[in-house]
Amino acid sequence: MAEGAVVVEEGPTGRAGERDPRVDELGAAVSRLRRALAAHPARLPDRDAAEDELAALDAMTRTGTPEVSRLRSSLLLVAGAVGSVSALAPALNEVREAVDRFAERGPTASRPEGPGTTG
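All of these numbers come straight from a predicted model, not from anything done at the bench.

Would you mind showing me how to read the pattern of salt bridges here?
Oppositely charged side chains are able to pair whenever their charged atoms sit close together. As enumerated under the stated definition, the model contains eight salt bridges in all. Glu-25 serves as the salt-bridge partner of Arg-101, at 3.3 Å between the closest nitrogen and oxygen. Here Arg-101, found in helix α4 (residues 89-104), pairs with Glu-25, found in helix α1 (residues 21-39); they are 76 residues apart in sequence, far enough to count as distant. Using a relative accessible area of 31% as the deciding quantity, one classes Arg-101 as partly exposed. Here Arg-70 makes a salt bridge to Glu-53, at a shortest N to O gap of 2.9 Å. Separated by 17 residues along the polypeptide, Arg-70 in helix α3 (residues 68-82) and Glu-53 in helix α2 (residues 47-62) bring together distant segments of the chain. Residue class for Glu-53 comes out buried when judged on its relative accessible area of 11%. A cluster of three or more residues bridged by salt bridges with shared partners is formed by Arg-34, Asp-58 and Arg-62.

Just checking my understanding: could you explain the side chain of Ser-74 for this structure?
Here Ser-74 lies in helix α3. Within the local environment of Ser-74, its side chain forms a polar contact with the side chain of Arg-70, the two groups lying 2.7 Å apart.

Basis of the calculations
- Residues numbered from 1 in each chain as written.
- Predicted model: local features only at pLDDT ≥ 70, side-chain atom pairs only at ≥ 80, totals over all residues.
- Heavy atoms only, no water.
- Salt bridge = Lys/Arg side-chain N within 4 Å of Asp/Glu carboxyl O.
- Helix = DSSP H or I, 4+ residues; strand = E, 2+ residues; numbered from the N terminus.
- Buried < 20%, exposed > 50% of the residue type's maximum accessible area, 1.4 Å probe, protein only.
- Polar contact = N/O pair within 3.5 Å; in protein donor to acceptor, adjacent residues only side chain to side chain.

Structure, rendered in structure tokens:
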């Protein structure tokens, strides 16, 4: 690559420099759940695990389009840690819905190609 060259990544629409809106939605949902968890007064045995995994999810949203399998794994860990707390259910559901959006329209590279598929 030539000195001073700029690398431009394409977003999900194929337009250069466009950020995937699902990443922003996930980041906002994770942020809301982190705030709700921090404000929740009850002692939760797995609070540290949930906070660590939410921090990992936050980091994934800052670095680009996360892997769906990693997102689901993180969601499972967070849900296991805080899923029984009804006060956190709305924020947890937002994170789940945001993760589901990645599975609905995954990255083109991970779609199977072959006879009868378009890519």
